[in-house]
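Observations on the three-dimensional arrangement
Listed below are the residues making up each chain.
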Amino acid sequence: MIIVTGANGQLGRMVAERLLERVPAEEIGVSVRDVESARDLGARGVRVRRGDFADPDTLPHAFEGASKVLIVSTDTTGETAVRGHRAAIAAAAEAGAKRILYTSHMGANPSSRFAPMPDHAATEEALRQSGVPFTSLRNGFYTSSAVMLVRGALETGVLAVPEDGPVAWTAHADLADAAVLALTGEVLDGLSPALTGPEVIDMAGIAEILTRLTGRPIRRVVVSDDDYRAQLVTHGVPESSADLLVGLFAASRDGDFAPVDPTLADLLGRPAVRVEDYLKSALTPPR
C-alpha cells in the first residue's frame, strides 16, 4: 500500500488523484488530519485514516501496511515542523515501509535565510539516519507563490517588493506527476536533483509577464526589507509571516532557488509548465 500524507492539501491531493490513474484504489491510503474533508477519496475506494504529525500516536494506524510513504512537508516551520517530520519518518519505518519519500525543496540548506529551508535540510538528515531507502524530492519553488506575491500589483500597477534573485518557478501539477512516478517506479533515489520549471525569472521578469498578460503596465519597484516587512504588518500580516516573506527574498538574492535543472522535464517526458502559461491560467486580468 502506498500512503500519501497531507492529501487534503494542494500537492498531496494532486498526488492522490494521479495515483488513482495508475494504481488500484485499494492499494492507496491517505493520512489526513481531517478525515471528513477526504471523504470523496474514500468514496472512490481509497483508505482514509486520520494521521497528524503533531500527534504521533495517530500515525501507526494511518501508516499500517505501508510499502511506501510520501511525507508531504507541513505548513509549519522551525522545531515544530522538524519534530513532525521526524515523527512521520519514524512511523513509516516502524510500519515496514520499503521506501520513504519526502517533499523537500531545491533550496534545502541549514544556512538558508528562508525559514523552511533549514527545516527541509534537517528532515533530510533524519531520512539519512532512518535506515530506510528514501527519496527526497527537491522541488522547485511553487509558481502559485508568485501569484500570491503579485496580487496587489494587479490592482495598483506596482509590484513593490524587496530586491530579489532569479527563481526556477515550478508548477504543483508537474511536481505531483514527478512524485507519482517516484512512488510507482524506480526513479529518484536519495536526494533528487532540483526538480524545476524550464526557466528562472526574477520579479522584474514577472512584472513584464504581467504587463503582457493584463495589457496594462506593471512596474517593478524595489523596496527595502524593513519597509516591506512594515507594510505587510500594517496590512494585518502576522509578524512571523512577514519575517518569512522577507526571508524568501533574501534567500532568492543568495541564489537558493536557481538555477534550472532538466531533471523534471526529462522525468515527465515533456516540457515543464512555463511561468507565463501558469500565470495566464491562474490570473484573471483586472478590468
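The sections below set out a description of the structure shown in this document. (Residues numbered from 1 in each chain as written. Predicted model: local features only at pLDDT ≥ 70, side-chain atom pairs only at ≥ 80, totals over all residues. Heavy atoms only, no water.)

**Topic: the nonpolar core**
- Formed by 35 residues in total, the largest nonpolar core has its most connected members in Leu159, Trp169, Met203, Ile206, Leu210, Tyr228 and Leu279.
- Those elements giving two or more residues to this core turn out to be α6 (143-156), β7 (158-162), α8 (203-214), α9 (225-234), α10 (239-253) and α12 (275-282).
- In this structure, leucine 159 is in contact with Leu149, Val150, Ala153, Met203, Ile206, Ala207, Ile218, Arg219, Arg220 and Val221, ignoring residues within four places of it in sequence.
- Counting residues in each nonpolar core, the second largest holds 32 residues, with Val30, Val32, Ala179 and Val180 among its members. (Core = buried A, V, L, I, M, F, W, Y, C linked by side-chain atoms within 4.5 Å. Buried < 20%, exposed > 50% of the residue type's maximum accessible area, 1.4 Å probe, protein only. Helix = DSSP H or I, 4+ residues; strand = E, 2+ residues; numbered from the N terminus. Contact = heavy atoms within 4.5 Å.)

**Observations regarding the environment of isoleucine 71**
- Considering the arrangement of structural elements, one finds isoleucine 71 in strand β4 (residues 68-71).
- Note on isoleucine 71: relative accessible area 0%, which makes it buried.
- With 18 residues separating them in the primary sequence, isoleucine 71 and isoleucine 89 have C-alpha atoms 7.8 Å apart.

**Details of the sheet that holds strand β2 (residues 28-32)**
- Pairing is parallel in the open sheet, where 7 strands are placed in the order β3-β2-β1-β4-β5-β6-β8. Of all the strands in the sheet, just β3 (47-50) and β8 (190-191) have a single pairing partner and so form its edges.
- Where strand β1 (residues 2-5) meets β4, 3 bridges bridge the pair, whose relative direction is parallel. Looking at the pairing, valine 4 lines up with leucine 70 of β4.
- Of the strands in this sheet, β5 (99-105), β6 (134-139) and β8 touch helix α5 (residues 116-129), which is tilted by about 165° from β5.
- Strands in contact with helix α7 (residues 172-184) are β1, β4, β5 and β6; relative to β4, the strand with the most contacts, it is inclined by about 155°. (Pairing = 2+ DSSP bridges. Axes fitted to C-alpha atoms, helices over the stretch in contact; angles between N-to-C directions.)

**So, the packing of α8 against α12**
- Contact pair α8 / α12: the axes reach a minimum separation of 10 Å and the direction vectors enclose 50°. Regarding the angle of α8 to α12, the classification is oblique. Every pair of crossing elements has a handedness; the one defined by α8 and α12 is right-handed. Here α8 contributes Ile206, Ile209, Leu210, Arg212 and Leu213 to the contact with α12, which in turn contributes Val275, Glu276, Leu279 and Lys280.
- Per-class residue counts for the contact of α8 with α12 are 6 nonpolar, no polar and 3 charged. (Parallel < 35°, antiparallel > 145°, perpendicular 65-115°, else oblique. Left-handed = near helix turned anticlockwise from the far one by under 90°. Nonpolar A, V, L, I, M, F, W, Y, C, P; charged D, E, K, R; others polar.)

**Some details on the packing of aromatic side chains**
- Inspection of the entire model under this criterion finds 5 aromatic pairs.
- Relative to phenylalanine 257, the ring of phenylalanine 114 has its centre 6.0 Å away and its plane inclined at 85°; by these criteria the two rings are edge-to-face. Here phenylalanine 114, found in the loop between β5 and α5, pairs with phenylalanine 257, found in the loop between α10 and α11 (263-268); they are 143 residues apart in sequence, far enough to count as distant. In terms of burial, phenylalanine 114 and phenylalanine 257 fall into one category: buried.
- Members of the aromatic cluster, joined through ring pairs, are Phe114, Phe141, Trp169 and Phe257. (Phe/Tyr/Trp six-rings, centres within 6.5 Å; stacked < 30°, edge-to-face > 60°.)

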